[in-house]
Amino acid sequence: DQQVKQNSPSLSVQEGRISILNCDYTNSMFDYFLWYKKYPAEGPTFLISISSIKDKNEDGRFTVFLNKSAKHLSLHIVPSQPGDSAVYFCAASETHSNYQLIWGAGTKLIIKP
Amino acid sequence: EPEVTQTPSHQVTQMGQEVILRCVPISNHLYFYWYRQILGQKVEFLVSFYNNEISEKSEIFDDQFSVERPDGSNFTLKIRSTKLEDSAMYFCASSDRLSQPQHFGDGTRLSIL
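Below is a summary of the structure that appears in this document. Quick caveat, the model's predicted, so the values are computed rather than measured.

### With respect to a negative patch on the surface
Among the surface-exposed residues, A:Glu42, B:Glu1, B:Glu3 and B:Asp106 lie close enough to one another that they form a single negatively charged patch. Looking at the secondary structure, you find B:Glu3 in the segment before strand S1 (5-7). By relative accessible area, B:Glu3 is classed as exposed at 57%.

### Things to note about a nonpolar patch on the surface
Residue and element names in this part refer to chain A. A contiguous nonpolar surface patch, about 230 Å² in accessible area, is contributed by Ile18, Ile20 and Val78. Here Ile18 is to be found in the loop between strand S2 (10-14) and strand S3 (19-25). Ile18 sits in the partly exposed class, given a relative accessible area of 41%.

### Digging into unusual backbone geometry
The step from A:Val78 to A:Pro79 runs through a cis peptide bond, and the omega angle for that step is -10°. Look at B:Asn51: it is not a glycine, yet its phi comes out positive at around 55°. Its location among the elements puts B:Asn51 in the loop between strand S5 (43-50) and strand S6 (53-57). Phi at B:Asn52 takes a positive value of approximately 65°, unusual for a residue other than glycine. Note on placement: B:Asn52 falls in the loop between S5 and S6. The exposure class assigned to B:Asn52 is exposed, which follows from its relative accessible area of 59%.

### Looking at the sheet that holds strand S7 (residues 62-67) of chain A
Residue and element names in this part refer to chain A. Sheet architecture is open: five strands sit in the order S1-S3-S8-S7-S6, paired in antiparallel fashion. Each edge of the open sheet is held by one strand with a lone partner, namely strand S1 (4-5) and strand S6 (56-59). Bridge analysis of S1 against S3 gives two bridges, and the strand direction is antiparallel. Bridge pairing in S3 places Lys5 opposite Asp24.

Analysis parameters
- Residues numbered from 1 in each chain as written.
- Chains lettered and ligands numbered in written order.
- Predicted model: local features only at pLDDT ≥ 70, side-chain atom pairs only at ≥ 80, totals over all residues.
- Heavy atoms only, no water.
- Patch = residues over 30% accessible without salt bridge, like charges linked within 9 Å, V, L, I, M, F, W, Y side chains within 5 Å.
- Areas by Shrake-Rupley, 256 points an atom, 1.4 Å probe, with all protein chains shown as cover.
- Salt bridge = Lys/Arg side-chain N within 4 Å of Asp/Glu carboxyl O.
- Lys, Arg positive; Asp, Glu negative; His and termini not counted.
- Charge placed at Lys NZ, Arg CZ, Asp CG, Glu CD.
- Helix = DSSP H or I, 4+ residues; strand = E, 2+ residues; numbered from the N terminus.
- Buried < 20%, exposed > 50% of the residue type's maximum accessible area, 1.4 Å probe, protein only.
- Pairing = 2+ DSSP bridges.

Listed below in structure tokens is the structure:
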């Protein structure tokens, strides 16, 4: 099942620079997308979400962009900080499935000092 | 900040035994979920629960699984006769509205011997 794909298993970024995490999906019925951050031995922590009626949502250092025609979303973190080092998961859902989340495999982000 | 709590953090059980995983969702939340993550694999949806009944379940959630909200605060996942392949991290989540982000607990690591 590859409905949500995160093709980069890991990403290394210099502190202070922009981190861009990417996610692709195949199910055109998805209408709600979320990014979660996960530290080892903890549960996923909600970061930011976007509805399919929008193409951008911003919250502090985090911005999510949605390109529906390309079935692609991205998470931008700027500036990147050492505490941002974690695994980032993209998840998608659709209204008619009671918002069950379909998850990507995650991207491990490493922020270098 | 209110959080979802899960107990125990680690459960070791003999194959064939019953196991109950416990969750206390955020107090004003109405929608409850269980997900699991087998080591090295994606997070997978198991079941969603609202108004004292299952609203959606995946193919994984077969007759060996059941959920219950025995009182106003707990939400439990029971596996009747555990199998080796049930070994995974099990995450509980809750949300206050269907279209709102789900908030996760830190998970229970279930090890079947």
